[in-house]
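Here is how the chains run, residue by residue.
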Amino acid sequence: KQLESDQATAKALEEAKEAKEQKIASLESVMEMMEANYSTESKKSCSLGEQLRKLKQDIEAANKQLQLGKVIAQSDKEALQANKGKIASLESAIESMESNLITESKKS
C-alpha cells in the first residue's frame, strides 16, 4: 500500500514538474516577445528622434533663409530709394538743360 502511495506521489510530482516546465517555457516565450517589441519600439523612437532633429534643422535653415531674404529685401529697398534719388536728380538736370536751351534759342 505504501508503494502505491509513493507511486501516486511520484506521478503527481512528475505532473507538477511538467506543468512548471510548460509555464516556464510559456513565460520565456512571452519574455522573448516583449524583448522583440521593446527593440521595435526603441528603433521607432530613435527614428522619430532623428526625424525631429532633421525637422528642427530644416526649420533653422528656413529661418536663416528668411532672415537673409529680409536683409536682401532691405538692401534692394535702399538701392531702389537711391536710384529714385538719382532719377529725380537727372530729371531736374534735364529740366534745367531744357530751360537753358529754350532761353538760348529765344536769345538767338
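Everything that follows concerns the structure shown earlier in this document.
Described below are features of the structure shown in this document. (Residues numbered from 1 in each chain as written. Predicted model: local features only at pLDDT ≥ 70, side-chain atom pairs only at ≥ 80, totals over all residues. Heavy atoms only, no water.)

1. Section: the overall build of the chain
Across its full length, the chain carries 1 helix and 0 strands. C-alpha atoms of the chain, sized along the principal axes, occupy 155 × 15 × 10 Å. Of all 108 residues assigned to the chain, the portion counted as buried reaches 0%. Carbon and sulfur atoms make up 59% of the accessible area of the chain, which amounts to about 10,100 Å² in all. Looking at charge distribution, the chain has the averaged site of its 17 positive side-chain charges lying 8 Å from that of its 19 negative ones. (Helix = DSSP H or I, 4+ residues; strand = E, 2+ residues; numbered from the N terminus. Buried < 20%, exposed > 50% of the residue type's maximum accessible area, 1.4 Å probe, protein only. Areas by Shrake-Rupley, 256 points an atom, 1.4 Å probe, with all protein chains shown as cover. Lys, Arg positive; Asp, Glu negative; His and termini not counted. Charge placed at Lys NZ, Arg CZ, Asp CG, Glu CD.)

2. A look at the pattern of salt bridges
A full pass over the atoms with the stated rule returns 3 salt bridges. When the shortest N-O distance is used, the salt bridge between Glu-41 and Lys-44 registers 3.6 Å. Residue Glu-41 and its partner Lys-44 are located together in helix H1 (residues 2–107), separated by 3 residues, close to a single helical turn. Overall, Glu-41 belongs to the partly exposed group, its relative accessible area being 46%. A salt bridge links Asp-58 to Lys-54, with the shortest nitrogen-to-oxygen separation between them at 3.0 Å. (Salt bridge = Lys/Arg side-chain N within 4 Å of Asp/Glu carboxyl O.)

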